[in-house]
Amino acid sequence: MTNRVCKALNIRYPIVQGAMAWNSMPELVSAVSNAGGLGVLGSGPMPADIALENIEKIRSMTDNPFGVNVFLDAGPMLEEKAEKLSSVNIPVIYIDTLNILTYDFTKKYYDIFKAGGSKIVAKINCLEDAVVAEQCGADVIIAKGLEGGGHKSKIAAGILLAEVLEHIKSVPVMVSGGIATPRQMAGYILMGAEGVEMGTAFIATHESPVHVNYKTGILAARDIDALYLGDCTGEASWQIRNQKAARLDAIEANNVRSVAAELFKKEAAGSGRIAAQTGDTQINGSIMCGATVALIHELATVAQRVKGMCEECEAILRQSAT
Ligand SMILES: Cc1cc2nc3c(=O)[nH]c(=O)nc-3n(C[C@H](O)[C@H](O)[C@H](O)COP(=O)(O)O)c2cc1C
C-alpha cells in the first residue's frame, strides 16, 4: 500500500500514530516508525528543551522518519519551539490547534519549519482550517472527527472527511477519530482518504509506555463506557467511565456552565497522567481515549497495528472489488 501520503512523508504504510501528550513517548514513537508508519512525539505541552531530549532518544531508536507535535497557538512556548525545533532537522512537524487558523499566523510557522527541512502534517477539526493548511503549504492534512481522543472536534470523522475532500485537492487527506480496525480503514479509503491516524489503538499495544491498568481499561470498556466530558470547558474529550469520570460528570450536571468549567478543570487537572503513570484508573485517574474503545479487544504489537492493519485493509478492498 503506497500513495501520496507515503511519498510525502517517506514512510511505507499510510498510518500515523497521533501525538498524545506525555503518552506517545520515544518507545512508542520509534516502534511505529520502525514498523513503517509515522510515530509522533507527544510534545505539544513539552518545553522545547525536553522535546529536544526526547527527539535525541527517538533518533537513537529509529532511522526512519518520525514526527514532533507542535501546538499552534499564540502561547509563549511557540516562539522558542519554532526557533529550537527548526534547527535540528526534524523529518515531520505535526501541527494541531484548538483555534481557527488564520493565514498569516499559520504561514509564518509553516515557513519556519519548512525552512528547517521538515514536512508539515496539519491536523484539523473543521473545513476552514483545512483550507488554510493547504494554502500555507501543508504536505499532509489529517481530518480529525469527534470520535477521536484528545481535545475538541465537533464534526464526525466521516462528515468532516467528505467535506474536506470536496475542497482539498492538492494535498493528500488522512482521516482520524475512532479508528481501530482494517474494515474502518477500508471504508475510509473507498471514500477517498489516503490513510488513517490512530491514537487509542496505539495506547493498547505492548510497546506503549502507559501503565498496564490503562491498557486493560481500554480493552475492557464497552461502547457505552466511553464518556464525552468537559464540554463546559470548551475542550471536551473522551474518557472511560470510572469514579473520577462520575465526579466530573456530576460537576457538569450540577453547576451553571461558568462555575462548572472552573470546578471541572480543577478536578480534571493531571488525571490522565495519574492513570497513565501510576495505574490509578478508578479513583483519581482518567483513562483518556477515543470513542473507539469497544473495537479494541486485545493488546497488539505496534507492527500488527501498522502492517497488519494495512494488509487486512488491502485484502478487504480486493474482496470488495470482486
Ligand atoms: C491520551 C490522549 C492524548 C492526546 N494528546 C494529544 C496531543 O497532545 N496533541 C494532539 O495533537 N493530539 C492529541 N491527542 C489526539 C491524537 O493525536 C489523535 O488525534 C486521536 O487520538 C485520534 O483518535 P483515536 O484515539 O480515536 O484514534 C490525544 C489523544 C489521546 C487519546
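This one's a predicted model, so the numbers in the text were calculated from it and none came from an experiment. (Residues numbered from 1 in each chain as written. Predicted model: local features only at pLDDT ≥ 70, side-chain atom pairs only at ≥ 80, totals over all residues. Heavy atoms only, no water.)

(A) Representation of the domain arrangement of the protein within the structure. Domain annotation for the protein reports domain 1 (4–209 + 298–320) and domain 2 (222–286). Each of domain 1 and domain 2 was reduced to a C-alpha centroid, and the two centroids are 25 Å apart. In this assembly, domain 1 packs against domain 2 so that about 720 Å² is buried in total across both faces, 48% of it on carbon and sulfur atoms. Linking domain 1 to domain 2 there are 0 salt bridges. (Domains from an automatic or database assignment. Buried area = accessible area lost by both parts, 1.4 Å probe. Salt bridge = Lys/Arg side-chain N within 4 Å of Asp/Glu carboxyl O.)

(B) Structural context of the packing of aromatic side chains. Tallying each qualifying case throughout the model produces 2 aromatic pairs. Pairing Tyr228 with Trp238 gives two aromatic rings, centres 4.8 Å apart and planes at 50°, and the pair type is tilted. Taken together, the residues Tyr228 in strand 9 (residues 226–229) and Trp238 in strand 10 (residues 237–240) connect sequence positions 10 residues apart. Relative accessible area serves as the criterion here: at 12%, Trp238 is assigned to the buried category. Arg273 extends its terminal NZ or CZ atom over the ring of Trp22, reaching a point 4.5 Å from the ring centre. (Phe/Tyr/Trp six-rings, centres within 6.5 Å; stacked < 30°, edge-to-face > 60°. Helix = DSSP H or I, 4+ residues; strand = E, 2+ residues; numbered from the N terminus. Buried < 20%, exposed > 50% of the residue type's maximum accessible area, 1.4 Å probe, protein only. Lys NZ or Arg CZ within 6 Å of the ring centre and 35° of its normal.)

(C) A look at the site of the ligand. Close contacts around the ligand come from 26 residues, with Ala19, Gly178, Glu197, Gly199 and Thr200 the closest. Here a nitrogen atom of the ligand sits 2.8 Å away from a polar atom, N or O, in the side chain of Lys123. One of the backbone N or O atoms of Gly178 is found 2.8 Å from an oxygen atom in the ligand. Listed by contribution, the elements that provide at least two residues to the shell around the ligand are strand 4 (92–96), strand 8 (196–198) and strand 11 (288–289). Tallied by class, the residues present in the shell around the ligand amount to 8 nonpolar, 13 polar and 5 charged. (Near = heavy atom within 4 Å. Polar contact = N/O pair within 3.5 Å; in protein donor to acceptor, adjacent residues only side chain to side chain. Nonpolar A, V, L, I, M, F, W, Y, C, P; charged D, E, K, R; others polar.)

(D) Looking closely at the nonpolar core. Judged by nonpolar contacts, the single largest core of 79 residues is most densely connected at Ile15, Phe113, Val164, Phe202 and Ile218. With 6 residues, the single largest contributor to this core is helix 14 (residues 302–320). Three or more residues apiece are contributed to this core by two domains, here domain 1 (4–209 + 298–320) and domain 2 (222–286). Contact partners of Ile15, with chain neighbours within four places excluded, come to Gly37, Leu38, Met174, Met185, Val196, Met198, Phe202, Arg305, Val306, Met309 and Cys310. (Core = buried A, V, L, I, M, F, W, Y, C linked by side-chain atoms within 4.5 Å. Contact = heavy atoms within 4.5 Å.)

(E) Representation of a nonpolar patch on the surface. On the surface, Val256, Val259 and Leu263 cluster together into a nonpolar patch covering about 240 Å² of accessible area. Relative to the helices and strands, Val256 resides in the loop between helix 11 (243–254) and helix 12 (257–268). (Patch = residues over 30% accessible without salt bridge, like charges linked within 9 Å, V, L, I, M, F, W, Y side chains within 5 Å. Areas by Shrake-Rupley, 256 points an atom, 1.4 Å probe, with all protein chains shown as cover.)

(F) Local environment of the pattern of salt bridges. Applying the stated rule across the entire model yields 12 salt bridges. One salt bridge connects Arg4 with Glu194, and the closest N-O pair in it is separated by 2.7 Å. Here Arg4 is found in helix 1 (residues 4–9), whereas its partner Glu194 is found in the loop between helix 8 (182–191) and strand 8, with 190 residues between them in sequence. Judged by relative accessible area, which is 38%, Arg4 ranks as partly exposed. Between Arg247 and Glu267 there is a salt bridge whose closest N-O contact spans 2.9 Å. Here the residue Arg247 occupies a position in helix 11, and Glu267 occupies one in helix 12, the gap between them amounting to 20 residues.

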